[in-house]
Structure formats: structure tokens, C-alpha cells
Amino acid sequence: MITAPFKQAGALFALALDVLVALPKRPFQTKEFIQQSWFIASVTIVPTALVSIPFGAVIALQLGTLTRQLGAQSFTGAASVLAVVREASPIVTALLIAGAGGSAICADLGSRKIREELDAMEVLGISPIQRLVVPRVLATMLVAVLLNGLVSVVGVGGGYFFNVVIQGGTPGAYLASFTALAQLADLWTSEIKALLFGAVAAIVASYKGLTAGGGPKGVGDAVNQSVVITFMLLFVINFVISAIYFQVVPQKI
């Protein structure tokens, strides 16, 4: 019982390696990749856009009040936009990808597992990882990167509206401070985070789906576990990437 978590961690890492090995194998499941990309985007794009608006608004309102108290209102735009692009947009993307897309992947693979479809595929000499898991992982990574861009745009737009219209900020100062302090590395780091978050969410969901058992209840438990595990891993990965970023990339002053 004590070693069970370590065994699961090892099995999850082994699945990630199997997915990496299966990536260059042919034939590539193009149709499955397109279908999964469209499905994941369809279940995540609207909730992600709706969630990003209050995220940008809350950040703008909080930072606007704080900078006014400190007498640094000219830096409100920079602080708001950098907070959205660097941290808020990857986190929002990760939460929606794991909660909506990852749970759907886990439920799909888990239902196939309890119906013994995966065993039948292996009997026929078809690798479930190459046929089912790889397209889902790539589709999730692609959608995560695109959603991260959407969240950044919507969040920055929402922050601009609430700071300029609601709090009476100056549009010129908002934009000028952003362009003065922001840099392209911020956007690239955000996209890399989203890419890794999508890969982790898809691999964890696939692992829990492939190992589901115990009928429909077991599939439901696997979905819940995949979401919780993904959230925990994503916050750890986000901290590590942010720490590396601030050590490697010089910041504007």
C-alpha cells in the first residue's frame, strides 16, 4: 500500500515515454487528430472565454487600486497585462483543458476499457497508444496553445476595459506602460506553459482511462482522479517554469 503511489507515478511516466516513442510512428491518425482537436475545442472554447473575462477584470481592479495607493498609476497597464499573459492565461487554459477536455478523454478511454475494446485492439495487433492516445495528446496540446492566446487577448481586453472605463484610467498610459515593460519572452513562456499543460492533462487523463476498471463507477472515479492529479501537477509545473524564467530571462527595468 505504501508503494502504490510510486507505482502509479512510474506507470504514468512509462505511458509518457510510450507516447513519445509512438509519436514518429506511421501511419499517423490524422482523422482522429482532427476530430479530437475539434471536440476538445468545442467543449472548452466558450467556458475559457467566459472565465478569462472575470480573471482579467479582477486583476485589473486589484492592481489598479494598488497602484493608485502607491502612486504608480502609470504602471497599471504593465502590471495587469503581464499578470494576465504570464500567469492567468496559462492557468485558466490548464484548468479548462483538464476539467473539460481531460475529463472527456478519460471518460472515453475508460468506457472503451470496460467494454474491452482496447483488449480487442491489442489482439488485432493495433496499439491503443498509437491509435488513440497519441492523437488525443497532440490535439490537446494544439488546443491548449490556441486557447492560451484567446485567454490572453480576452483577459487583456477585459483588463483594459475595467481599468480605463470603470476606474477612469488613461488609455495612453495603460498602453505605454505595457509596451515599455513587456517583452516577447513573456508570450513565449506563456505558450510553452500551455503546451506542457496540455500534454500533462492529456497523458494523465489517458493513463487513468486506460487503467479504469470496476464498471461505470470505476470510470467516474478515474475521471475525478485524473482532474485532481492534473491540477496538482500543473501548479507544480507552473512554479518550476516561472522560477526558471525569472532566472534565465533578464527583466526590463
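Residues numbered from 1 in each chain as written. Predicted model: local features only at pLDDT ≥ 70, side-chain atom pairs only at ≥ 80, totals over all residues. Heavy atoms only, no water.

Student: Account for the overall build of the protein chain, with residues named and values stated.
Tutor: Each helix and strand in the protein chain was counted, giving 8 helices and 0 strands. Along the protein chain, helices (α) and strands (β) appear in the sequence α-α-α-α-α-α-α-α when read from the amino end. For the protein chain, buried positions account for 43% of its 253 residues. Restricting to contacts in the protein chain with at least 6 residues of sequence separation, those with at least 24 account for 86%. If you sum the accessible surface of the protein chain, you get close to 12,800 Å²; carbon and sulfur atoms cover 74% of it. (Helix = DSSP H or I, 4+ residues; strand = E, 2+ residues; numbered from the N terminus. Buried < 20%, exposed > 50% of the residue type's maximum accessible area, 1.4 Å probe, protein only. Contact = heavy atoms within 4.5 Å. Areas by Shrake-Rupley, 256 points an atom, 1.4 Å probe, with all protein chains shown as cover.)

Student: Explain the packing of helix α7 (residues 184-210) against helix α8 (residues 215-248) to me, and be specific about the residues and the numbers.
Tutor: One can describe the packing of α7 onto α8 by two numbers: an axis separation of 9 Å at closest approach and a directional angle of 155 degrees. Looking at the two axes, α7 sits roughly antiparallel to α8. In the crossing of α7 with α8, the sense of the turn from one axis to the other is right-handed. From α7, Ala185, Asp186, Thr189, Lys193, Leu196, Phe197, Val200, Ala201, Val204, Ala205 and Lys208 reach across to α8, where they touch Ala222, Gln225, Ser226, Ile229, Thr230, Leu233, Leu234, Ile237, Asn238, Ile241, Ser242 and Tyr245. A per-class count over the contact of α7 with α8 returns 14 nonpolar, 6 polar and 3 charged. (Axes fitted to C-alpha atoms, helices over the stretch in contact; angles between N-to-C directions. Parallel < 35°, antiparallel > 145°, perpendicular 65-115°, else oblique. Left-handed = near helix turned anticlockwise from the far one by under 90°. Nonpolar A, V, L, I, M, F, W, Y, C, P; charged D, E, K, R; others polar.)

Student: Explain the environment of Ser127 residue by residue, including any values.
Tutor: Along the chain, Ser127 falls in the loop between α4 (117-123) and α5 (128-166). Along the primary structure Ser127 and Ala22 are separated by 105 residues, whereas in three dimensions their C-alpha atoms are 9.3 Å apart.

Student: Can you explain the pattern of salt bridges? Please cite residues and give values.
Tutor: Tallied over the full model, the rule gives 8 salt bridges. Linking Glu117 and Arg112 is a salt bridge whose minimum nitrogen-to-oxygen distance equals 3.5 Å. Here Asp119 makes a salt bridge to Lys113, at a shortest N to O gap of 4.0 Å. Bridged by salt links that share partners, the residues Glu32, Asp108, Arg112, Arg115, Glu117, Arg131 and Arg136 form one connected network. (Salt bridge = Lys/Arg side-chain N within 4 Å of Asp/Glu carboxyl O.)

Student: Provide a residue-level description of the packing of α5 against α7, including the pertinent values.
Tutor: Put simply, α5 and α7 touch, their axes get as near as 8 Å, and they point 145 degrees apart. Crossing geometry of α5 relative to α7 is assigned as right-handed. Of the residues in α7, those in contact with Val133, Arg136, Val137, Thr140, Met141, Ala144, Val145, Asn148 and Gly149 of α5 are Ser190, Glu191, Ala194, Leu195, Gly198, Ala199, Ala202, Ile203, Ser206 and Leu210. Its residues assigned to classes, the contact of α5 with α7 comprises 11 nonpolar, 6 polar and 2 charged.

Student: If you had to explain unusual backbone geometry to someone new, which residues and values would you point to?
Tutor: In this structure, Pro27 follows Arg26 across a cis peptide bond, with omega equal to 5 degrees. Within the secondary structure, Pro27 is located in the loop between α1 (4-22) and α2 (30-70). A positive phi angle, near 65 degrees, is found at Glu116, a position not held by glycine. Its relative accessible area of 54% is what places Glu116 among the exposed residues.

Student: Which residues make up the nonpolar core, and what values do they have?
Tutor: If you look at the biggest cluster of nonpolar residues, it comprises 39 residues, and the most contacted ones within it are Leu15, Val19, Ile97, Ile129, Val133 and Val137. Elements represented by at least two residues in this core include exactly α1, α2, α3 (76-114), α4, α5, α7 and α8. Those residues in contact with Ile129 that sit more than four places away from it in its chain are Leu15, Asp18, Val19, Ala22 and Val134. (Core = buried A, V, L, I, M, F, W, Y, C linked by side-chain atoms within 4.5 Å.)

Student: I'd like to hear about the layout of surface pockets, residue by residue, with values.
Tutor: Its boundaries defined by the atoms lining it, the largest pocket holds a volume of some 400 Å³. If you go around the largest pocket, you meet 20 residues; those closest to its centre are Ala16, Leu196, Ala199, Val200 and Ile203. For the lining of the largest pocket, the leading source of residues is α1, giving 7 residues. Partitioning the lining of the largest pocket into residue classes produces 20 nonpolar, no polar and no charged. (1 Å grid on protein atoms, 1.4 Å probe; cavity = no way out; pocket = protein on both sides within 12 Å on 5 of 7 lines; lining within 4 Å. Points joined across faces, edges and corners; volume = space filled by probe spheres on them.)

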